[in-house]
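Breakdown of the fold
In case you want the letters, here they are:
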Amino acid sequence: MVFANLIFIYIFLPLNLLLYFITKNKTFRNVVLIVFSLLFYTWGEPVWVGLLLFSVAYDYLHGLAIQRWRGKWQAKVALISALTMNIGLLVVFKYSGFLVENMNSLFGLSLPVPAVGLPIGISFYTFQIISYVVDVYRGDVLAQRSFFKFLMYVSSYHQLVAGPIVRYSDIEAEIDSRQISFSDISEGVTKFAIGLAKKVMVANVAGQLVAQYLDGDLTRLSVAGSWFGVLLFALQLYYDFSAYSDMAIGLGRIFGFHYGVNFNYPYIAASVTEFWRRWHISLSSFFRDYVYIPLGGNRKHQVFNIAVVWLLTGLWHGASWNFVLWGAYYGALLIIEKWFLLGILKKLPALFGHIYLIAVSLVGWALFYVTDMSRLKQLLSIMFGQGGAPLTDVTLSIVISNNIFWLGLVLLFCMPVTQWVKRRAQAIGQRGQVVVQGCTAAMNLVILFLCTAMLVGQSYNPFLYFRF
């Protein structure tokens, strides 16, 4: 099940809210949330709920063991056991086919390639569990003694299948005692509505245009058409993933959880370094705190540490060489920026940094989108004017003119326009805030109506990060 789905919006969520708020009993509310989370997860792939429950039980017991023997060798054994099991499951389900294929190719073998299905959300909830057991081992948090509360932490459907990666320390107090206010519910509803609009009105529309440019015969592309297609994918991915994060954060707020921001207008960045402080913040901070800093961070072997982090970041996104190449590409850019480029960019007007970031990020999204290496080479050659591709074409002009208003709004809202409007209204005083609240409520209703109308006849509605 996905959030941008009429069954979820009009049946699943209202029923969940009704049962959740029908009583103030905390235990009953936790049970309701667990039941609906497991139902949400099993809706599309019921077979994998057993794997989720196994992971939760395994790490719940290991967390208690680490807590009991903290500071002793038994705690280290428990930590290693937990990490081995979690990473091992991720390797088996996500990378076994990739590994066997490359072994066959490298050594001339004919080993059968495993056809293992990828459980939805395994990359997200595995990292979430890893952060928990490591934090317990470090003494940053106490182990959760209630199995059902730990199950609720891991399985809450708001962030289960596509993040953000929520650390136990961030919501530890809210797991045991959540204070729900009208303002939280109001802000949560608005956050969900904004995410819904991003998904249905922008990401889905952009995805259909992307397919026209990047999924067909590449020899028909012009240079400008290839860049435009990748630009559309950059917009699709941002609006798609930030939409899911917005909806997850909004739903969490309604139920009393305060998840951190996962996207902070990344396309306004003026460097790759800044971009990755704004894009998928929960993943970037995970690799920083659990890989980069333990390896030595900036203190020693910095280049090696960055290379390891970005190899893992690329592989996390998918078992394919294009993701490895994508990770290496960004790792190299970050190293170059740390060596000298950031110093140069800071001396130039900010516009140069923004142009640089957009250009290199579009090349990066080309690497990210095309999994077939020969096709990727073909696309990149067209983007850089090789192979005799024309500079532009008539079809591109028609597509842009037909979508100019939509495209202008989409690009505009990649910038913090809404935050600026909100600050201006608040500066007016209480009357301004009342106006903002009224306009927000009306906007939520309009979004719900328009998205419902679009979803009724829309067949293209995937969340891209479900596959990661």
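One structure accompanies this document, and this report is about it. Small disclaimer: the values here were computed from a predicted structure and weren't measured.

A word on the side chain of Asn322
Among the secondary structure elements, Asn322 is positioned in helix H13 (residues 321–347). Only 3.2 Å separates the side chain of Asn322 from the backbone oxygen of Phe368, close enough to count as a polar contact. Within the structure, the side chain of Asn322 is placed 3.4 Å from the backbone oxygen of Val370, a separation counted as a polar contact. Setting aside anything within four residues of it in sequence, one finds Asn322 in contact with Leu367, Phe368, Val370, Thr371, Met373 and Leu376.

As for unusual backbone geometry
You will see that Tyr265, though not glycine, has its phi angle at about 50°, which is positive. For Tyr265, the position within the fold is in the loop between helix H9 (223–254) and helix H10 (272–278). Residue classification places Tyr265 among the buried positions, given a relative accessible area of 15%. Despite not being glycine, His301 shows a phi value in the positive range, around 55°. Residue classification places His301 among the exposed residues on the basis of a relative accessible area of 58%.

Let's talk about the packing of aromatic side chains
Following the criterion strictly, the structure yields 62 aromatic pairs and no others. Seen in terms of ring centroids, Tyr20 and Phe21 are 5.1 Å apart; in terms of plane orientation they differ by 80°. Their pairing is edge-to-face. Relative accessible area serves as the criterion here: at 0%, Tyr20 is assigned to the buried category. Phe21 sits in the partly exposed class, given a relative accessible area of 30%. When the centroid spacing of 5.4 Å and the interplanar angle of 85° are considered together, the rings of Phe275 and Trp276 count as edge-to-face. As far as the burial class goes, Phe275 and Trp276 line up, both buried. A cation over an aromatic ring shows up here: Lys94 above the ring of Trp316, its NZ or CZ 5.3 Å from the ring centre.

Topic: the nonpolar core
Membership of the largest hydrophobic core comes to 144 residues, with the highest contact counts inside it found for Phe3, Phe8, Tyr157 and Trp365. Tallying contributions element by element places H9 first for this core, with 18 residues.

Some points on the pattern of salt bridges
Counted according to the given criterion, the structure contains 10 salt bridges. A salt bridge links Asp184 to Arg253; the shortest N-O distance between them is 3.7 Å. With Asp184 in helix H8 (residues 182–214) and Arg253 in helix H9, this pair connects stretches of sequence that are 69 residues apart. You can call Arg253 buried: its relative accessible area is 18%. Where Glu187 meets Arg253, a salt bridge forms, and the shortest distance between an N and an O atom there is 2.6 Å. Here Glu187, found in helix H8, pairs with Arg253, found in helix H9; they are 66 residues apart in sequence, far enough to count as distant. For Glu187, a relative accessible area of 44% translates into the label partly exposed.

Some details on the packing of helix H6 (residues 147–155) against helix H7 (residues 168–176)
The interhelical angle for the contact between H6 and H7, taken along N-to-C directions, is 130°, at an axis separation of 11 Å. With respect to H7, the axis of H6 lies oblique. Between H6 and H7 lies a crossing whose hand is right-handed. Contacts between H6 and H7 pair Lys149, Met152 and Tyr153 from the former with Tyr168, Ile171, Ile175 and Asp176 from the latter. Among the residues forming the contact of H6 with H7, the class breakdown is 5 nonpolar, no polar and 2 charged.

Some details on the state of the cysteines
One pass over the structure, following the stated rule, counts 0 disulfides. Free of any disulfide, Cys414 has its nearest cysteine sulfur in Cys451, 17 Å distant. Residue classification places Cys414 among the buried positions, given a relative accessible area of 7%. Free of any disulfide, Cys439 has its nearest neighbouring cysteine sulfur in Cys451, separated by 18 Å. Of the residues examined, Cys439 reaches a relative accessible area of 48% and is grouped as partly exposed.

A look at the environment of Phe21
If you trace the backbone, Phe21 turns up in helix H1 (residues 6–21). Distance in space between the C-alpha atoms of Phe21 and Val32 is 9.8 Å, their sequence separation being 11 residues. Excluding its chain neighbours within four sequence positions, the residues that come into contact with Phe21 are Arg29, Ile180, Ile185 and Ile254.

Parameters and conventions
Residue positions are given per chain, counted from 1 along the sequence in the order it is written. Reporting in this predicted model follows two pLDDT cut-offs: at least 70 for local features of residues, and 80 or more for side-chain atom pairs to be given and counted; totals over whole chains, interfaces and linings ignore these cut-offs and use all residues. Only hydrogens and water are set aside when side-chain values are computed; all heavy atoms of the structure are taken into account. A helix here means a DSSP run of H or I that spans at least four residues, while a strand means a run of E at least two residues long, and both kinds are numbered starting from the N terminus. Any pair of N or O atoms that falls within 3.5 Å is considered a polar contact. Within protein, one atom must be able to donate a hydrogen and the other to accept it, and sequence-neighbouring residues count only if both atoms are side-chain atoms. Contacts are residue-level and defined by heavy atoms, with any inter-residue pair within 4.5 Å sufficient. When accessible area is computed with a 1.4 Å probe and restricted to protein chains, residues below 20% of their type maximum are described as buried, those above 50% as exposed, and intermediate ones as partly exposed. Planes of paired rings set the category: under 30 degrees apart is stacked, over 60 is edge-to-face and the rest tilted, where pairs are Phe, Tyr or Trp rings (Trp by its six-membered ring) whose centres lie within 6.5 Å. Over a ring means this: the NZ of a Lys or the CZ of an Arg is within 6 Å of the ring centre and within 35 degrees of the ring normal. What we call a nonpolar core is a set of buried Ala, Val, Leu, Ile, Met, Phe, Trp, Tyr and Cys residues that are connected through their side-chain atoms within 4.5 Å. When a carboxyl oxygen of Asp or Glu lies within 4 Å of a side-chain nitrogen of Lys or Arg, that pair is called a salt bridge. Each axis is a line fitted through C-alpha atoms, and for a helix only the stretch in contact is used; angles between axes span 0 to 180 degrees, taken between their N-to-C directions. Just so you know how the angles are binned, under 35 degrees is roughly parallel, over 145 roughly antiparallel, 65 to 115 roughly perpendicular, and the rest oblique. In this scheme, a crossing is called left-handed if the near helix is turned counterclockwise away from the far one by less than a right angle; it is called right-handed if the turn is clockwise. Residues are grouped as follows: Ala, Val, Leu, Ile, Met, Phe, Trp, Tyr, Cys and Pro are nonpolar; Asp, Glu, Lys and Arg are charged; every other residue, Gly included, is polar. In this description, a disulfide is simply a cysteine sulfur pair whose atoms lie within 2.5 Å.

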